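Descriptive analysis of the structure
Here are the chains, one letter per residue:
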Amino acid sequence: MQGVKIAEIPDIEIDPITLDIIEGALKNARHEMDAVLFRTAMSPVIREQHDEFPMITDPKGRMVVGQFGSYISEMMDNFPEPVEPGDVILTNDPYKCGGAISHVNDWLVLMPIFFEDELVGWSSMFGHMMDMGGPLPGSLPTNAKTIFGEAMMIPPIKIFRKGEAVQDVINMILNNVRMPDMNRADLMGIVAGCKTAEKRVVELCTRFGKDTYLGACQALLDRTHRAMSALILQNIPEEPQSFEDWVDDDGRGHGPYKMKLTIWREGDHAFFDWSGTDPQAVGPINFYLNEEMFKMFIGVYLIMVFDPQILFNDGFYPLLHVIIPDGSLLHPKYPAALGCRTHALTRLFDVLGGTLARKSPEHTTAAGYGTSPYMLYSGWDGAGDFFYLMEISYGGIPGRPIGDGMDGHSWWPLFENIPTEYLESYYPVRVDGYTTIRDSGGAGLHRGGNGIEKRYVYLEPGEISVHDDRWLTYPWGILGGMPGRRSEKTLLKADGSKERLPSKCDEVQVEPGDMLVYRTAGGGGWKDPLDRPEERVAADVAKGLVSEEKAKNDYGVVIGDSDATAKLREAMRAERGDVKDFDLGPSLEDILAACESETGLKPPVRQEQLRWATMETPEEAMQRVRGQDSG
Amino acid sequence: MAYRLGVDVGGTFTDLMLVHDESGDVFRIKTPSTPADPSEGVLSGVNRILKESGVDVGDISHIMHGTTVATNAVLEAKGARVGLITTKGFGQILHLARSQTPGPLAGWIIMIKPDPPAALEDTREADERMDAQGNVVDPVNEDQVREIVKDLIDSGVETLTVSLINSYANPAHERRIKEIIADMAPGFPITISSDVLPEFREYERTLTACMNSYVRPKVAGYVKNLESSLQELGVKGTVNILRSDAGLMSIETTQEKPVYGILSGPAGGVAGALAVSRRANFEDILTFDMGGTSTDVALCQHGQPTITRETELGHFRVKVPSVNVHSVGAGGGSIAHVPELTKALRVGPQSAGAEPGPACYGKGGTEPTVTDANVVVGHLPPQLIGGEMQLDVDAAKAAVQTIGDALDLDLHQAAQGILDIVNENMAGALRLVSVQRGYDPRDFALVAFGGAGPMHANAVAKLMGSFPVVIPPGPGLLCAEGDLVADFREEFARTFIRTVDQADVAEVVSILRELGHDAQAWLERENISPDSCSVDYSADMRYYRQGYEIPIAVEIDALEKEGLGLLTERFNEIHEQFYGYRMPAECEIVNLRAVGVGKVPHPKMPTADKVAEADPSGAVTEEHKIYFEGDWMPTKIYDRSKLQAGNRIPGPAIIAEYDSTTVVLSGFSAEIDQQLNILINPNQG
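The following refers to the structure shown.

Reading the values: rules and limits
Residues numbered from 1 in each chain as written. Chains lettered and ligands numbered in written order. Predicted model: local features only at pLDDT ≥ 70, side-chain atom pairs only at ≥ 80, totals over all residues. Helix = DSSP H or I, 4+ residues; strand = E, 2+ residues; numbered from the N terminus. Contact = placed C-beta atoms within 7 Å. Core = buried A, V, L, I, M, F, W, Y, C linked by C-beta atoms within 7 Å. Buried ≥ 20, exposed ≤ 12 C-beta atoms within 10 Å, placed from the backbone. Pairing = 2+ DSSP bridges. Expected span 1.5 Å × (residues − 1). Axes fitted to C-alpha atoms, helices over the stretch in contact; angles between N-to-C directions.

**Here we look at the overall build of chain A**
For chain A, the helix and strand inventory stands at 14 helices and 22 strands. In terms of overall dimensions, chain A has C-alpha extents of about 75 × 65 × 50 Å along its principal axes. Partitioning the contacts of chain A with sequence separation of at least 6, the portion at a separation of at least 24 is 75%.

**Some thoughts on the nonpolar core**
With 366 residues, the main nonpolar core has Val-109 of chain A together with Val-270, Ile-418, Leu-446 and Val-447 of chain B as its most contacted residues. Here Val-447 of chain B is in contact with Ala-273, Val-276, Ser-277, Ile-285, Thr-287, Phe-288 and Val-470 of chain B, once residues within four sequence places are set aside. With 10 residues, the next largest nonpolar core counts Leu-530, Val-537, Leu-545 and Val-557 of chain A among its residues.

**As for unusual backbone geometry**
Cis rather than trans, the peptide bond between Gly-255 of chain A and Pro-256 of chain A has omega equal to -10°. As for its placement among the helices and strands, Pro-256 of chain A is situated in the loop between β8 (241-247) and β9 (257-266). For His-302 of chain B, which is not glycine, the phi dihedral falls at a positive 50°. If you trace the backbone, His-302 of chain B turns up in the loop between β14 (295-301) and β15 (304-305). Given 6 C-beta atoms within a 10 Å radius, His-302 of chain B is considered exposed.

**Some details on the pairing of strand β16 (residues 462-467) of chain A**
In the case of a regular strand, side chains alternate between the two sheet surfaces. Residue and element names in this part refer to chain A. Across the 6 residues of β16, 5 count as buried, placing the element largely inside the fold. Across 5 bridges, β16 lies against strand β20 (residues 504-510) in antiparallel orientation. The residue of β20 that forms the bridge with Glu-463 is Gln-509.

**A short note on helix α9 (residues 264-279) of chain B**
Residues and elements named next belong to chain B. In this model α9 runs 23 Å from its N-terminal to its C-terminal C-alpha over 16 residues, within 8% of the 22 Å that 1.5 Å per residue would give. The buried fraction of α9 is high, at 14 of 16 residues. Once α9 ends, the next one or two residues include Asn-281, with phi positive near 70°.

**Things to note about the sheet that holds strand β33 (residues 660-664) of chain B**
All names here are of chain B. Spatially, 4 strands are ordered β29-β30-β32-β33 in an open sheet, and the strand pairing comes out mixed. Because the sheet does not close on itself, it has two edges, and the strands there are β29 (620-628) and β33. The average undirected angle you get between the axes of adjacent strands in this sheet is 25°. Alignment of strand β30 (residues 631-639) against strand β32 (residues 653-657), held across 4 bridges, turns out to be parallel. Bridging from a neighbouring strand, Asp-639 pairs with Ala-656 of β32.

Purely geometric numbers; function is a separate question.
The structure is reproduced here in structure tokens:
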């Protein structure tokens, strides 16, 4: 980064009105980035499902608006040459950007924003590419042992120099992917989105003056810092609180993997310590968690739970301290495989919610369907043309303080399902049904959402992959709420046979007429189901979302009979006693013992420690973080 | 039979305008609206305008009507109980929606999911299946369909919707089920999705079809009742309803497809603004309609509104062609507040509404609104023209002071701050319809109307660089004129998904011709004289497998001569204009469309015969002061009704009239044109 004039952030007062105007303009610019990409991208994962993330930063690379963490200073410190106006940098290597992106499918684009030859910020955006080359379509093999078994890695590299495309580099990259046109379109859409942000920031500098703009960025960061300091003092206890949960397996028969989080506060500084989490996995379920990214997760989560009005940005990062032992599932050593990190990424939110719930249970939610389930299908059609479909599925949203969890919705924001008519127009597949699974949501005063059942009928021979989790452990309920039902995948062959598929598998051969019944997990319930108003239980039964049987067994409601309901509820209360804070279902021991009989699948086994990736001790990790954060 | 009558029902007033086709004579009245049954206000208005004009009721040939009955039914959740029949396996289509939860991360924690227009317990699955190419996979099981239809009707649903997978490719199953229902329950209102929206994406199509059913009984009842009441009055002409895309549709079509008029109100505003600006010789305009609780903006080019294929209403995205109006939840009644944790100044989305209204209305409101801020800085004089209402300046000051206290600003800085924020929000909305779609707002005039539009227009235009600001006479309600000049319009479309390479130009042309015939037949049925008719053709295009289409206008002759490359070329150009790049990728046709348009003659509106002196002093009513950049500046208040064509008014100035107040800022001047519009421009040099 030598040779680049980085704008100084002036220490000036910004009047509150100008500040609010600049805040509004930056928020608009961030939404404009999304809009440009959605309308131009080709891959349904970005376009229909919205798997992409924008941000605008200040000159130091701190996110002022957007939806991911600050990684730029870390990445650019090692960048071998100066950046100039019109340059665009691309990478997909999680190990080269401190985990800002966490698998090679994510293409991260970074563009410097200059105003009168000074660097005033960065715009950046990443999106999930349908394919990045490597052994399997989708580039997410469930059995990869290192990142080399996944796909090509692009180090941070310029793909535009001073506004001119570096064709050699782009051609080399596209030469390695299965559908270069799609990657090209998605990449151009991401670049166009970043350019939009650049244009808006330059306009703001012109209109208000560079110093006012930069002072406003700082003031926006400070504003969030103050707000978060108050949130920490109010909501994080001084006494450490812990919670643990599991990722079921690594796709190679190992598991389950423990994720443990301990939270406490010292003054208005909060500590989030992942010590006690299992060592990194052999299979690709490792989640290279960027500390700054995790701070963003915490921040957004706290804001949503406690005060949704606050603008989210990086300003509060100095107040949070994140300890992740090197060599653990959440901070694996190079070259660990990372492709299927979505399970640990999602479980992280379950664990975060569970830990915070220890002290303010009224505010937090139960556990959800617990991952981003994928279905991949590829092959060659009758005309000899290659086809490849990847679809993200959804499931039961947890019961929440505000109400029931939604049935079959996405826990990740803004993702959408792919229309059946789109699937059937472009792929040799027919959807036999798409619905939520009755009774799969955990009972509660506010019930968990139902999981999804999607039935795919394949019309051409090909191979499918499944990525899911929560087939073994249960999405837990909270404060008396009950767990949601687990996920399962069954392949009904055209010949009448039936096969239960593991929750993570690749290269499953399918023939025309075979049907995959793809079921995701439900969400856990929130608070005591015996307190759920009888008429709401009856309404769910009338809608077909809950069965009469479950109404009776879990809610104590005899449909159409209030007297019987009152009696039954009384008896159930007496028998049950006090409700549990958390209902995780049976003990892990019992789950493993019953695994084969209940699921038809062999239970996973605990993994041996990898010789090349010894884990940092909790003490070492703590010492490292305290050293970094103070200096 | 030579008069046409435009009738627009607003929240407060119903606006009527009667025009003679040949002479262009115009009569206009405003009468109070009657929200409980809007037709009462309409009828009393019709009676009054006939009486005042002396026109014979039998001489009215057409009544053009904009109505918000459908909009309100959706916004107030007071539509019909809708039964829905889907394909087997898809009964939860509306319940699942697109599975989306709002941002940011963890936004699901506070999401409130709206009830869909058809409830799950009123949804049944039909045993049938069509594939994406329109081939039958499973035929309709008629016995099973009869069972579920009976079940639904017995359960008490008021209307039925049939929306089946892949019906856009082949509507035969939907049509068959419609026949079965009609056979079982003659006259029962049925909507089939392929009629309302023959396009792919099943959720959006089903939602739109159910919305149609949801508003149908209310709208159908209203228009039938209105038509018969008008006939009782002696009206022999036809009644037509303004669609969301600012075209007109017949009463029959309205009863079948009321969802096409779901944004009739805002469409009338845009059509009215266009009518005004065309007469003032501005073809490229941004419309700015700022009311009490919300503001609508739209972009019009070459005298035509931009049409979008999708519109948001309440929580729902409904796919019907609509004037591309962007709505923001901020207006004169929006409340300013300072959240404790962030100490930021926010304006809206809460509004003081009509009751209690802004603090200055003296009806018990104490929270600071945009209107109060306008009073504090002097933009809104304490005494409104007509003298009906005296504003409570002290109450406004007390309310705005609370913002000053929270932000450590003085009263006037706080008021100016509220106005700056709200103007910025307005500019953000205008940027969305202009800059974000590749248009330069400096090439557009800003036509301001609505109760609060003229007060903010100058400041907003300054942010956008959009001049002149055009403020038509009577800007509080100019929609009736929009109804009057609207064209008859109906779309005929078919989904035809092919890459340009695979498509055959002869096939495309023949489909367009067929659709064109349908459009011609419709124009004939509407009794529109052939020389006023035209048919426009377009194709929705995208790069292969992109998710969003751009409508590309095309002429059949040119297409035949130059081939499909013409479509590719035009699409590439427009893609580059919108998004800044084109791609070497294949282009794909998605929908083909013919739009039948029946033009109506435009009324001749009054123009000043002679141009007066520039000096406007004859219209000054009082001396006043407004707060500007930290100082109070002496400002004259003008009575608009006394201003004459040719008058020039230097800013700062306030121009007051019955239903609105125009602010001209320092550094700008206003002049009155021959149509009596106020045109505001920056001073030269």
